[in-house]
Every structure is written in C-alpha cells, then in structure tokens.
Amino acid sequence: MIKEGVAVVAVSEGEFTDGAEEEVRVPAAPRSGPQSQATASRSPHTETTPSTAAAASFDMVVIGAGPAGEKAAAQAAFFGKRVAIVERRASPGGALVSSAGVPTKTLRETALYLTGYRRREVYGLSIHLDPDATLDRLMNRTAHVQAAMVGQVRENIARHQIEMVPGTGSLGPNRTVVVTPGRTDAAPTTLHADIVLIATGSRPFHAPDVPFDDPDVYDSERILGIDRIPRSMVVVGGGPVGCEYSSIFTSLGTEVVLLDSGERLLSFVDGEISRLLGATFSSMGVRLVLGSGVGAVRRADGELQVTLESGEVIRPEKVLFAAGRAGNTEGLGLEEVGVQIDARGRIVVDEEFRTTAKGIYAAGDVIGPPALASVSMEQGRVAACHAFGIPFKETVDPLPPYGIYSIPEVAMVGLTEEAATRQGIAYEIGRGWFSRNIKAVIDGGTDGLVKLVFRREDRALLGVHILGDIASELIHQGQAVMHERGVIDRFIHATFNIPTRSEAYKYAAYDGLMRLERRAGSRTAG
Ligand SMILES: Cc1cc2nc3c(=O)[nH]c(=O)nc-3n(C[C@H](O)[C@H](O)[C@H](O)COP(=O)(O)OP(=O)(O)OC[C@H]3O[C@@H](n4cnc5c(N)ncnc54)[C@H](O)[C@@H]3O)c2cc1C
C-alpha cells in the first residue's frame, strides 16, 4: 500500500463551517493586473504569525509558495480576495527557484558560456578551465539568479497584498490550516479559510536501496551543492532531469554514463527525436546504457560501485539519481479531513482542481503529472478562479509545450508520431533540418530539426517536435498555430526573418507537402 508522501510522480507528488470573516462570492474589482507590475496600495507583504481571530481569517489559505501556490494566491488576491500563503522554507518560489528550473538552467547557460561547449570547433578555440574556479563561478552565478528570482516572487506576493505565514501547514477541521512554526518554542497558530489550496509540490524520490547518505550519491536537489566537478559520474534516469544533468556535466568535462531501464531516453517524446538525442549524446561522449536497470549502488573498499543488471561494475566518482519525484503529502492530515489520494499517492482532483473534501483544492506537482512549473502555475490560477466562481480562467491549456533543457534542447507540443498511430490518424510528417538552416550553420549548432506531424486529409497541424538550440523557444510558434487549429500551409505562406532558426518551420512544411505529393503520386502510379 502506498503511504502519504511516497508517491512517485511520473515524468521524471471533513466537515466544515465558514471560518472567514467575510463571505465574498462576486469577483471584486481587480487590485492590479494579474501578476502585474503595479505597486500595492496596502502595506507591503510581511511575514507574520497571525495572532488575532480577525488576522487569522482569510478567503483563501494556500499551503506552499511554489509556482502553483504563488500564482493561485495572486490570482485570488487580484480579484479582491484576502489570501495567506503558508510556507515552510525561508524563501518563497518552491522547487522552481530552489532546486529545479532556475538553478539547472542557470548552470546550463553558465557551463555553455564558460566552456564554449559545442562551439569550440567552429571558432577553432580550445578552452582549458580550472575546475575549482569553474565550480565557484557556476555556483555564484546560480545563487545570484536564484536571489533575483526569490526577490521577484516576494514582490509579486507583496504587490497582491498576500500575507506570508512562515511555518509548516497541515489541515485542521472546518477548513482550518494549522501552522507549526520552525522555532520549537513557538506555539502553532490556526488560520481559518473559505478555501484551502494544497500546493505542497514534490521532492526527489529516494529508492530505499540507494545509499543517499553517501556523500558522493546525489539526488536532483543535493547535486546543486556538489563539492567539485567530478572526473566521472553515473546518472540514473533518462528523463528530463537525467538528460539535462548528463549533458551539463559532459560539457564540463565529466565522463558520464547515463542509465535507464527503458529502451530510450525521454520516453514521452517522439521516438525519432529520442533516438536523435541519444545519438547526439553518444557523439558528445556520453555512454548510454539503456534497457538495463541498476542492480546495486554501494561503497566498497573506499570506492563507489554501480553494478548493472548485466553484472558490469562501474566505479564512478559520483552518482546522481534522477529517477522520479514524490509528492509532499505527508503530515498534511489529508485522511482526517477526507482528501483522497490515488494508488500512486497523488491527491485526487476533478477538472476544477477540487479535492474530495469540500472547500479544499489542490494544484501543482502534488496532483501528479505533468509536474512542470509552467503547468503548475496555470493549475493554481484555474483552481483559484473555480474556487471563487471567478469567470476568468476556466481550463488549463490542453496544448502545453514541453521543454527539456538538455544540450541540445528538446521541445514538443501535441501528438507524437506514435500517438497519432495509436489514435488511428492518417498522418504525414515534415522535417526541416538545422544542418540546412542558415542561422544554425552560422552559429555552428547544426544538430537537430523541426519536425511537424499533420493530418493527411486537411494538413491540420497535430504536433511539433524540435531538437536543437532554442527548441524550447521555437516550439511556441507551432503551439500558436495549433491553438488556432491551423494547417502546415501557415508556415509556407509566412515570411520568416533570415537568418533564423524559425525558418526551419517553413522547410519542414515544404517537406511535408512533398511527402504528401509523393504519396499521392505512388498511389496513382500504383
Ligand atoms: C531538476 C528539475 C528541473 C526542472 N525544470 C523545469 C523546467 O525547466 N520547467 C518547468 O516548467 N518545470 C521544471 N521542473 C518542474 C518544476 O520545478 C515543478 O513542476 C514545480 O516547481 C512544481 O511547483 P509546485 O508549486 O507544485 O511545487 P514546488 O515547487 O515543489 O513548491 C511547493 C512548496 O510548498 C512548500 N511546502 C511543502 N509542504 C509544505 C507544508 N506542509 N507547509 C508549508 N509549506 C510546504 C515547499 O517548501 C515548497 O516551497 C523541474 C524539476 C526538477 C526537479
């Protein structure tokens, strides 16, 4: 049986009476634009421990100041609600700022800049770096960007006049949230709310047989405190986090072995893109071991040993486990108030993000996949709108883009070829290779392509898959056309700046048209 708090998030976590001091059902006039730059008229945000009954009553109390919690709170506050966020960490921003998107992407950019990685051959430069100085620069830059992002989250919370309540939140009866302060001598406080939103996120999953107490065995959070750039590393997990870190450390000169029990990297992306990414990784020097689980990780005779199912023993300096996330549900008191979790330990919600307990909502990683900051934010906003009947955001975008910030990047939106086949759709594809794209040839990043998947019958765009530099930016053009239910001709008739990587869309569309014609031709000939 799965207990609270041990769910693996695949990608990669009563009775009530009104306790609020006022009941607000009709959306009030907005205080400022949603997440706008306007400054607050009330006092700036303060971290408080509400002590009076009035101060402890809110329209909404959010547990967790990560992307889902912050944006849900800001959305509700924007429409005039009195909102508090309970956060157990010293800073708001959640995993996005502390251990996930912001630090990994900063590490990636800094590593690419410092090492000139993948551009050395273009300019005939060879860069030799002092590993200690490099690590210092990487970590300093990451800390600088994190501090800037925490500042932005704090500003947003202040601008929306949201009360920050430091401490660990748990659910009490009658839609209350009990806040236990970090200080052991301080007494818990109780907040009353019309609506409670659980946005407690996730943390790295720790398989019980992995020695995470070994100083050289890391998870995706602790890796940010790595003490040196290692000569060798085994990365376990070929999902987004494993692929990102494998390529970052390879760019820094580490010999990386990337293991996954599945047959391919990034199991959810288009098969062709996955294969091409694997080939690029191999050409970069990453050793891929796919289709083989890890038998054991242990320290013997002073060295780390990773034994594969094949019996092979690898002796890396460091091991990074990047396999799965666990929802932060333990200690919340879900069962006591009637909030159900599913077989994988994720909080069960309906399409409006309502849990099984009246007045209690949940959003973000704690409800399961896709476990992206981008989607978590939207879930938070949509949940807040439904909770208060605000006619602003009804659903989360059904076409979210995925960006994987490996080197090179991968991005996708919509159907893969495999999904189109499974759905019985008669589809065609078109490819625009970066090796033939002027901008990519100029900057030397010629790996990859823009790949379109479209319906044969009417050329409706069904999916876009990109491998290559700035894929996570380029994907939005395809997403925009899909939002308009557009056809691939849209790219053929548009004028693109030259030189740009975007132009690859046009040639992918031409390729698609030619394939359609060839298909029609072979039918006629046949
Ligand atoms: C290495 C890595 C890289 C990633 N890169 C990207 C990316 O590039 N783009 C992207 O979109 N997504 C990325 N993600 C995913 C993204 O970080 C998460 O989807 C996102 O942070 C989830 O937001 P959340 O608000 O649900 O939870 P979290 O960000 O986990 O925030 C939850 C907050 O709740 C607090 N909390 C938990 N329990 C309690 C409690 N009982 N009381 C009070 N506070 C509590 C926590 O301290 C935390 O601040 C990445 C993830 C990882 C691991």
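Structural data are supplied above this passage.
In short, a report on the structure. These numbers were taken from a predicted model, which means no experiment stands behind them.

A few words now on the nonpolar core. Side chains of a nonpolar character, in soluble globular proteins, are inclined to be buried together. Ranked by internal contacts, the top residues of the largest apolar core, which has 54 residues, are Met60, Leu171, Leu197 and Ile198. Among the elements that take part in this core, helix α1 (residues 67-78) stands out by supplying seven residues, more than any other. If near-sequence neighbours (up to four positions away) are discounted, Met60 is found in contact with Ala72, Ala73, Ala76, Arg82, Val83, Ala84, Ala193, Ile195, Leu197, Ala384 and Phe388. Judged by nonpolar contacts, the second largest core, of 35 residues, contains Leu112, Leu224, Leu252 and Ile404.

Here the focus is the sheet that holds strand β13 (residues 294-300). In any sheet, the strands associate via hydrogen bonds between backbone groups, in a parallel or an antiparallel arrangement. In space, the three strands of this open sheet follow the order β13-β14-β15, with antiparallel pairing throughout. Single-partner strands in this sheet number two, and they are β13 and β15 (313-314). Bridge analysis of β13 against strand β14 (residues 303-308) gives six bridges, and the strand direction is antiparallel. Paired with Ala296 across the two strands is Thr307, which belongs to β14.

Next up on the list: the sheet that holds strand β21 (residues 427-433). One open sheet holds the five strands; their spatial order is β19-β20-β23-β22-β21, and the pairing between them is antiparallel. In the strand order of this sheet, the two ends are held by β19 (402-404) and β21, each with one partner. The average undirected angle you get between the axes of adjacent strands in this sheet is 10°. Here strand β20 (residues 410-414) runs beside strand β23 (residues 461-467); their pairing, made up of five bridges, is antiparallel. Across the sheet, the residue bridging to Met412 is His465, located in β23. Of the strands in this sheet, β20, β21, β22 (449-455) and β23 touch helix α7 (residues 271-284), which is tilted by about 5° from β23.

Before going further, it helps to examine the pairing of β21. With respect to burial, β21 is a largely interior element, five of its seven residues being buried. Two elements, β21 and β22, share seven bridges in a ladder whose sense is antiparallel. The residue bridging Tyr427 from the neighbouring strand is Arg455, located in β22.

This part takes up the side chain of Thr115. Along the chain, Thr115 turns up in helix α3 (residues 101-115). The exposure class assigned to Thr115 is buried, which follows from its relative accessible area of 4%. Among the polar contacts made by the side chain of Thr115, one reaches the main-chain carbonyl oxygen of Ala111 at a distance of 2.6 Å.

Turning to the packing of α1 against helix α5 (residues 131-159), a few remarks are in order. Packing of α1 against α5 leaves a shortest axis separation of 9 Å and a crossing angle of 25°. One finds that α1 runs roughly parallel with respect to α5. Between α1 and α5 lies a crossing whose hand is left-handed. Between α1 and α5, the residues in contact are Glu70, Lys71 and Ala74 and Val153, Asn156 and Ile157, respectively. Grouping the constituent residues of the contact of α1 with α5 by class yields three nonpolar, one polar and two charged.

How each quantity is defined
Residues numbered from 1 in each chain as written. Predicted model: local features only at pLDDT ≥ 70, side-chain atom pairs only at ≥ 80, totals over all residues. Heavy atoms only, no water. Core = buried A, V, L, I, M, F, W, Y, C linked by side-chain atoms within 4.5 Å. Buried < 20%, exposed > 50% of the residue type's maximum accessible area, 1.4 Å probe, protein only. Helix = DSSP H or I, 4+ residues; strand = E, 2+ residues; numbered from the N terminus. Contact = heavy atoms within 4.5 Å. Pairing = 2+ DSSP bridges. Axes fitted to C-alpha atoms, helices over the stretch in contact; angles between N-to-C directions. Polar contact = N/O pair within 3.5 Å; in protein donor to acceptor, adjacent residues only side chain to side chain. Parallel < 35°, antiparallel > 145°, perpendicular 65-115°, else oblique. Left-handed = near helix turned anticlockwise from the far one by under 90°. Nonpolar A, V, L, I, M, F, W, Y, C, P; charged D, E, K, R; others polar.

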